[in-house]
Amino acid sequence: MSDVSGRFVVAAAVVAVSLVVAAAAAAHDYGDALSKSLLYFEAQRSGRLPYNQRVRWRGHSGLTDGLEQGVDLVGGYYDAGDHVKFGLPMAFTITMLSWGVLEYGGEIAAAGELGHALHAIKWGTDYFIKAHTHPNVLWTQVGDGDSDHYCWQRPEDMTTSRRAYKVDAENPGSEVAAETAAAMAAASIVFRRAGDAHYAHLLLHHAQQLFEFGDKYRGRYDASVRVVKSYYPSASGYKDELLWAALWLHRAAGGRRYLDYAVANADDFGGTGWAVSEFSWDIKYPGLQILASKLLLEEKHLSDEQRAVLEKYRSKAEFYVCSCMDKNPGGADNNAGRTPAGLIFIRPWNNLQYVSNAAFLLTVYSDLLAGLGQRLRCGEAGEAAGAGDVLEFAKSQADYILGSNPMNTSYLVGYGERYPRRVHHRAASSASYQHDKAFIGCLQGFDSWYSAHRENPHDIVGAVVGGPNAKDVFTDHRGAYMQTEACTYNTAPMVGVFSKLKELERLRRREEAPPSSSPVADDL
């Protein structure tokens, strides 16, 4: 079978599964959700905002970042409702945005949102280029959480420390180096496909250097940058990030070098050993296991050893998918938790990050199952499920986020009629700098804005908040930060999911459209 005919068969299989899922009437406008999701990243921008900035209540901020250390670190993203620039979650955000574009770029383009998606990715990668000042030096953080959280100010008024922190050969940080390598490698493919070969090559060059740095000088980044420990500590260590980066570099650079690395280190680094129920900015195992599984479909010339190892990766990927769907044998010990209404529930603090990541990974895996013409295998004596079942479950999680839940609340801010109005977010909860430039002091914001019971003056449109508790109950209050704070890595995976679901709706409408009665159509 030729590559062209093979791709046609795979695409046809995915479309067939999609039509089955799309048969149920839609309750949501996924195109609107997609557009709003991409808008959110403009609200999180740090640095000098561009002329075409659409979130007009934001202004320039962090314009001296890095100055104290003699490096230009202006730009990048604030991770959540505060003003620290944390390198690890920022890089993960860009990796997931890029993966979404790589899987569903056609759908994003058809929705008229590809330009916004590329801008969102490039705002991050431009910053990473600045932060990677030497082959073995990566600036990983600007600001510190302790002093930042002491204040409630707009980013335009910041008076807190903007000290920058780095990892290098003497103070290694393999997690953040490898995740940044993954982000830049994935983004390099995006921009190569978009026709920007020069920028793609630049990103790949940085990605390769960062991977070499993270692999050669191995060490936990939170041991080198201790101020991050209370905010983004590395629970899983760095081996998952090294495998994750190697697999992304294999896709970006081709050849056998990075695939050989992922195969040779599969066992020692836990890639074929860890079977887990969560995927996040910290724990990459399910993501890399699904990425490795895709090679079984995409690679035409695998050796017997490579295929055997990739099948091991796939068995762990299927544990994750089955866990999300509550289909693994062994009950609660081997499956992700659920709320009474069926939402995946991992932990109380910002639970929707795990839901959005699961929705994306299951959407991708459903496409893989369709392409392979196989069913999901949940243990030797466990249940089996088809590609359509996997996609339908992913859709149920996305629909819950959009308001199909007991609270009848959309957890995507700005979508629908009912959504969080008191998001735990300094800029959104304060007066717009564009209209009121009067300085807001460090503690003044707590009295004037944080403690106020009124709604935020600005909706941070497209933000996915932390979400409800284990009983499906949500408290819309700025002080309930475990539920009302939003993060960039909550929304990033949903860009791909909403794109896929929008395409399903287009297919459904086409199938339901009455046949044309024109003579030409009848003759055809």
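Definitions and limits used
Residues numbered from 1 in each chain as written. Predicted model: local features only at pLDDT ≥ 70, side-chain atom pairs only at ≥ 80, totals over all residues. Heavy atoms only, no water. Helix = DSSP H or I, 4+ residues; strand = E, 2+ residues; numbered from the N terminus. Contact = heavy atoms within 4.5 Å. Axes fitted to C-alpha atoms, helices over the stretch in contact; angles between N-to-C directions. Parallel < 35°, antiparallel > 145°, perpendicular 65-115°, else oblique. Left-handed = near helix turned anticlockwise from the far one by under 90°. Nonpolar A, V, L, I, M, F, W, Y, C, P; charged D, E, K, R; others polar. Pairing = 2+ DSSP bridges. Disulfide = S-S within 2.5 Å. Buried < 20%, exposed > 50% of the residue type's maximum accessible area, 1.4 Å probe, protein only. Salt bridge = Lys/Arg side-chain N within 4 Å of Asp/Glu carboxyl O. Core = buried A, V, L, I, M, F, W, Y, C linked by side-chain atoms within 4.5 Å. pLDDT = per-residue confidence, 0-100. Expected span 1.5 Å × (residues − 1). Phe/Tyr/Trp six-rings, centres within 6.5 Å; stacked < 30°, edge-to-face > 60°. Lys NZ or Arg CZ within 6 Å of the ring centre and 35° of its normal.

Undergrad: Help me understand the side chain of Ser-98 in this model?
TA: Here Ser-98 lies in helix α3 (residues 87-110). Aside from chain neighbours lying at most four places away, what touches Ser-98 is Ile-121, Ala-183, Ala-186, Ala-187 and Val-190.

Undergrad: I keep staring at the packing of helix α7 (residues 197-216) against helix α10 (residues 257-264) and nothing clicks. Help me out?
TA: Angle between the axes and distance between the axes: these two values describe a pair of packed helices. Following both chains from N to C, one finds α7 and α10 inclined at 30°, their axes separated by 13 Å at the closest point. By the angle class used here, α7 and α10 are roughly parallel. Remark: the crossing between α7 and α10 carries left-handed chirality. Between α7, through Gln-208, Phe-211, Glu-212 and Asp-215, and α10, the contact on the second element is made entirely by Arg-257, Tyr-258 and Tyr-261. Looking at the contact of α7 with α10 residue by residue, the classes come out as 3 nonpolar, 1 polar and 3 charged.

Undergrad: In this structure, what is going on with the sheet that holds strand β2 (residues 138-142)? I would like to understand it.
TA: Pairing between sheet strands relies on hydrogen bonds along the backbone, with the strands arranged either parallel or antiparallel. With antiparallel pairing, 3 strands are arranged side by side in an open sheet as β1-β2-β3. Strands at the two margins of the open sheet, each flanked by one partner only, are β1 (85-86) and β3 (164-167).

Undergrad: I tried to follow the state of the cysteines on my own but got confused; where do I start?
TA: For the structure shown, the criterion picks out 2 disulfides. Across the protein, the disulfide pattern expressed with sequentially numbered bonded cysteines is 1-4, 2-3. Free cysteine Cys-324: the closest other cysteine sulfur is in Cys-322, separated by 9.3 Å. For Cys-324, a relative accessible area of 1% gives the class buried.

Undergrad: Honestly, the pattern of salt bridges in this entry has me stumped. Any pointers?
TA: One side chain can pair with another of opposite charge once the charged atoms of both are near each other. Under the definition given, this model contains 28 salt bridges. Across the salt bridge formed by Arg-162 and Asp-65, the nearest N and O atoms sit 2.9 Å from each other. One end of the pair, Arg-162, is in the loop between α5 (145-149) and β3; the other, Asp-65, is in the loop between α2 (30-43) and β1, and 97 residues separate them in sequence. Its relative accessible area of 14% is what places Arg-162 among the buried residues. Overall, Asp-65 belongs to the buried group, its relative accessible area being 1%.

Undergrad: I tried to follow the nonpolar core on my own but got confused; where do I start?
TA: Note on soluble globular proteins: their nonpolar side chains tend to be buried together. Core analysis: the largest hydrophobic core is formed by 156 residues, its most contacted members being Trp-99, Trp-244, Trp-248 and Leu-376. No other element matches helix α6 (residues 174-193), which puts 13 residues into this core. Formed by 5 residues, the second largest nonpolar core is a distinct cluster that contains Trp-152, Ala-431, Ile-440 and Tyr-450.

Undergrad: Please explain the environment of Pro-172 as it appears in this structure.
TA: Relative to the helices and strands, Pro-172 resides in the loop between β3 and α6. Taking C-alpha positions, Pro-172 is 8.4 Å from Ala-223, a pair spaced 51 residues apart along the chain. Sequence-distant contacts of Pro-172, that is, excluding residues within four places in its chain, are made with Val-167, Tyr-217, Arg-218, Gly-219, Arg-220, Tyr-221 and Ser-224.

Undergrad: Sorry, what's going on with unusual backbone geometry here?
TA: Glycine aside, the phi torsion of most residues is negative, and most peptide linkages are trans. In the Ramachandran plot, Asn-408 falls in the positive-phi region, its phi being about 50° despite a non-glycine side chain. Positionally, Asn-408 belongs in the loop between α14 (387-401) and α15 (444-450). For Asn-408, a relative accessible area of 52% translates into the label exposed. Phi is positive for Asp-472, close to 70°, though the residue is something other than glycine. Locating Asp-472 in the fold gives a position in the loop between α15 and α16 (481-484). Given the relative accessible area of 4%, Asp-472 is considered buried.

Undergrad: Which parts of the structure should I look at to understand the confidence of the model for the protein?
TA: Close reading of the predicted structure is inappropriate where its pLDDT is low. Put simply, the protein has an average pLDDT of 92, and 93% of its residues get 70 or more. Long-range and interchain partners of residues 15-25, a stretch whose pLDDT sits below 50, account for 21 contacts in this model, where long-range means more than four residues apart. Contacts from residues 517-524, a stretch scored under 50 in pLDDT, to residues over four places away or in other chains number 3 contacts.

Undergrad: Help me understand helix α4 (residues 114-131) in this model?
TA: If you check α4, its first and last C-alpha atoms are 26 Å apart, about what 18 residues at 1.5 Å a residue would give, namely 26 Å. Within the sequence span of α4, burial applies to Ala-117, Leu-118, Ala-120, Ile-121, Trp-123, Gly-124, Thr-125, Tyr-127, Phe-128 and Ala-131. Here the buried face of α4 lies against α2, β1, α3, β2, α6 and α7.

Undergrad: Please clarify how α10 should be interpreted in this entry.
TA: Helical geometry note: an α-helix holds 3.6 residues per turn, so side chains three or four residues apart project in the same direction. What α10 keeps buried is the set Tyr-258, Leu-259, Tyr-261, Ala-262 and Val-263. For α10, the secondary structure elements touched by its buried residues are α7, α9 (239-253), α11 (285-298) and α12 (304-324).

Undergrad: Help me out: how do you make sense of the packing of aromatic side chains in this one?
TA: Any two aromatic rings considered together are summarised by their centre-to-centre distance and by the angle between their planes. Inspection of the entire model under this criterion finds 25 aromatic pairs. Between Phe-211 and Tyr-258 the ring centres are 5.7 Å apart and the planes differ by 80°, which places this aromatic pair in the edge-to-face class. On the criterion of sequence distance, the pair formed by Phe-211 in helix α7 and Tyr-258 in helix α10 is long-range, its members being 47 residues apart. A single burial state applies to Phe-211 and to Tyr-258, both of which are buried. Between Phe-213 and Tyr-217, the ring centres sit 6.2 Å apart and the planes meet at 55°, which makes this aromatic pair tilted. Owing to a relative accessible area of 23%, Tyr-217 belongs among the partly exposed residues under this scheme. Feature note: the residues Phe-92, Trp-99, Trp-244, Trp-248, Phe-279 and Phe-360 constitute an aromatic cluster, connected by ring pairs. The ring of Trp-123 has Arg-45 lying over it, and the distance from NZ or CZ to the ring centre is 4.5 Å. Of note, Arg-421 hangs over the ring of Tyr-419, and the distance from its end group to the ring centre comes to 3.9 Å.

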